[in-house]
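# Residue-level structural notes
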Amino acid sequence: MKVVVVGTGYVGLVQGVCLAELGNSVVCVDTDEEKIERLKKGISPIYEPGIEELLQRNLKAKRVSFTTSLKGCLKGSDVVFITVGTPSDEDGRADLKYVLKCAEDIGKNLQEYSIIVNKSTVPIGTGEMVKKTIARYYDGDFSVISNPEFLREGSAIEDWMKPDRVIIGYSDDKEAAENLGNLYSALGSPTLITNIVTAEMIKYASNSLLATEISFINSISRICEKVGADVTEVAEGMKLDKRIGANAFLTAGLGYGGSCFPKDVSALIKIARDNGAEFKILEEVEAVNLSQRQRIIQKLKKELGNLKGKKIGLWGIAFKPETDDIRMAPAITIIEALEDLGAQVYAFDAVAGENVQKIFPELVLEESAIDVCEGADALLIVTEWDEFKEINLNEIKSKMKSPIILDGRNIFSPEKMRDYGFIYHSVGRPLNQKGTKCKKQQAYL
Ligand code: NAD
């Protein structure tokens, strides 16, 4: 098929190169000239495992091309994907300005029938708005379909190639939905064809449930710290229940971040409110998530007292490993809080450094995880990159001024850290500083 992808960010670029890899002819459009110039040279503007290889292979085979203008691209296209951003607006609703501008551009450039597919995460009813916007500029026939994306940054190519499911929503043109389904048929994944508003809701409901699982286990972790239970084992035991499932998002830590969960949870709360259906559980999910980031600062203050002038090392800035995306990353809130308290932050992240420097120009970025520890009063572990798990702990200890580690991602075992002589705090695993079980835990044993 001839495919056009409008918006070449994390989702659009993956969509474009993966469809090209399946043998389709793909044109990716983005208004960001610098991004398009890099892509034309085979350089990916994002860090995502495997993406550059796919990009270069399909550029060479002339199955994918990049441009800054929609003009002339839509001629002969079978499918046009909208994959632009839908950030939160000031009130926490999804801001549709990019989607609607895109619809306007499509309307102005459409000359013949095409299937317009909304892949951006959008509030219920946006499909209809896109349709009306296009129709304002183009009076010919076209279809608007919803096809939400579920890939995860860090494993985006694999997720795209082997999706758990393909969701397609249509309003009045079932044939267009089925044709779109054919584009994905080689993937062999279960496909649900439904109405457009249901498809839009499936995306928000899915992300919101995953976020709920994270806030749920973080709430459990707080109780674990009081009663002496180990949250990782609690989660392990829970996941053995098939109704909960082995892949449940029950990892206690600093909470969720990134470009999707925070804005999608916030948007669904607003969608509920706008429709007279309060979503109290989700409001609490959001509150727990934000306070989880403050807890590590509180624990740090308990250890060090006044943080003014203290040197704090920080491992990991990206909102999760295997990506350079720092949108709504816990590290941002934590760095902000530390700077407000007068601490000097020394950070390291193998791929997200360049992005964070745009927000915190004064932040000291070190060359390695070890360098961060030189003379540090304490170390915070914020993103669970694999390289941190393999680090030489003796070397870390010898570099630090005081051997205090606050692990927001539970990457080390408390017993091991005690044996190395660290004062080690993690999430929901209550060993006290001397490494003995806390009093309440002893009472339960
Ligand atoms: P992004 O911000 O990385 O990329 C959006 C791109 O669209 C940018 O490159 C921007 O320059 C471009 N753009 C904006 N307006 C344009 C226009 N009129 N014409 C052409 N290009 C335009 O966003 P993203 O992370 O790829 O997310 C896109 C959508 O997919 C969002 O709705 C998001 O919620 C959803 N989504 C994202 C992920 C993810 O992991 N990032 C996963 C699933 C769904």
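Description of the structure in this document.

Here the focus is the overall build of the protein. For the protein, the helix and strand inventory stands at 18 helices and 14 strands. Against the 2.2 N^0.38 benchmark of 22 Å for 445 residues, the protein shows a C-alpha radius of gyration of 24 Å, consistent with a compact globule. Its C-alpha atoms give the protein principal-axis dimensions of roughly 75 × 45 × 40 Å. The proportion of buried residues among the 445 residues of the protein is 52%. Contacts in the protein between residues far apart in sequence, at least 24 positions, make up 72% of those at least 6 positions apart. If the 56 positive side-chain charges of the protein are averaged to one point and the 65 negative ones to another, these points end up 4 Å apart.

Its 25 residues place the ends of helix 11 (residues 280-304) 36 Å apart at the C-alpha level, agreeing with the 36 Å of an ideal helix rising 1.5 Å per residue. A maximum bend of about 25° is found in helix 11 at Arg293. Residues of helix 11 that are buried: Leu282, Val285, Val288, Asn289, Gln292, Arg293, Ile296, Ile297, Lys299, Leu300, Glu303 and Leu304. Backbone geometry just after helix 11 places Gly305 at a positive phi near 70°.

With that settled, consider the site of the ligand. Around the ligand there are 28 residues in total, and Asp30, Lys35, Thr86, Glu153 and Lys263 lie nearest to it. Between the ligand and the protein, one listed contact pairs an oxygen atom with a side-chain N or O atom of Asp30 at 2.6 Å. Breaking the shell around the ligand down by element, the ones donating at least two residues are helix 1 (10-21) and helix 4 (97-109). Examining the composition of the shell around the ligand, we find that three residues originate from one element, helix 4, more than from any other. For the shell around the ligand, the residue count by class is eight nonpolar, 10 polar and 10 charged. Mapped onto the domain boundaries, the shell around the ligand takes at least three residues apiece from domain 1 (2-189) and domain 2 (207-425).

Moving on, we get to the pattern of salt bridges. Summed over all chains, the structure comprises 24 salt bridges. Here Arg57 and Glu53 are joined by a salt bridge, their closest N and O atoms 3.6 Å apart. Residue Arg57 and its partner Glu53 are both found in helix 3 (residues 51-60); the two are separated by four residues, about one turn of the helix. The partner of Glu225 in a salt bridge is Lys299, and the shortest N-O contact between them spans 3.0 Å. One end of the pair, Glu225, is in helix 8 (residues 196-227); the other, Lys299, is in helix 11, and 74 residues separate them in sequence. On the basis of relative accessible area, Glu225 is assigned to the partly exposed category, the value being 22%. Salt bridges linked by common partners bring Glu21, Glu53 and Arg57 together as one network.

Conventions we followed
Residues numbered from 1 in each chain as written. Predicted model: local features only at pLDDT ≥ 70, side-chain atom pairs only at ≥ 80, totals over all residues. Heavy atoms only, no water. Helix = DSSP H or I, 4+ residues; strand = E, 2+ residues; numbered from the N terminus. Rg over C-alpha atoms; globule rule 2.2 N^0.38 Å. Buried < 20%, exposed > 50% of the residue type's maximum accessible area, 1.4 Å probe, protein only. Contact = heavy atoms within 4.5 Å. Lys, Arg positive; Asp, Glu negative; His and termini not counted. Charge placed at Lys NZ, Arg CZ, Asp CG, Glu CD. Expected span 1.5 Å × (residues − 1). Bend = angle between axes of the 7 residues up to and from the residue. Near = heavy atom within 4 Å. Polar contact = N/O pair within 3.5 Å; in protein donor to acceptor, adjacent residues only side chain to side chain. Nonpolar A, V, L, I, M, F, W, Y, C, P; charged D, E, K, R; others polar. Domains from an automatic or database assignment. Salt bridge = Lys/Arg side-chain N within 4 Å of Asp/Glu carboxyl O.

All quantities given are derived from atomic positions and should not be read as evidence of function.
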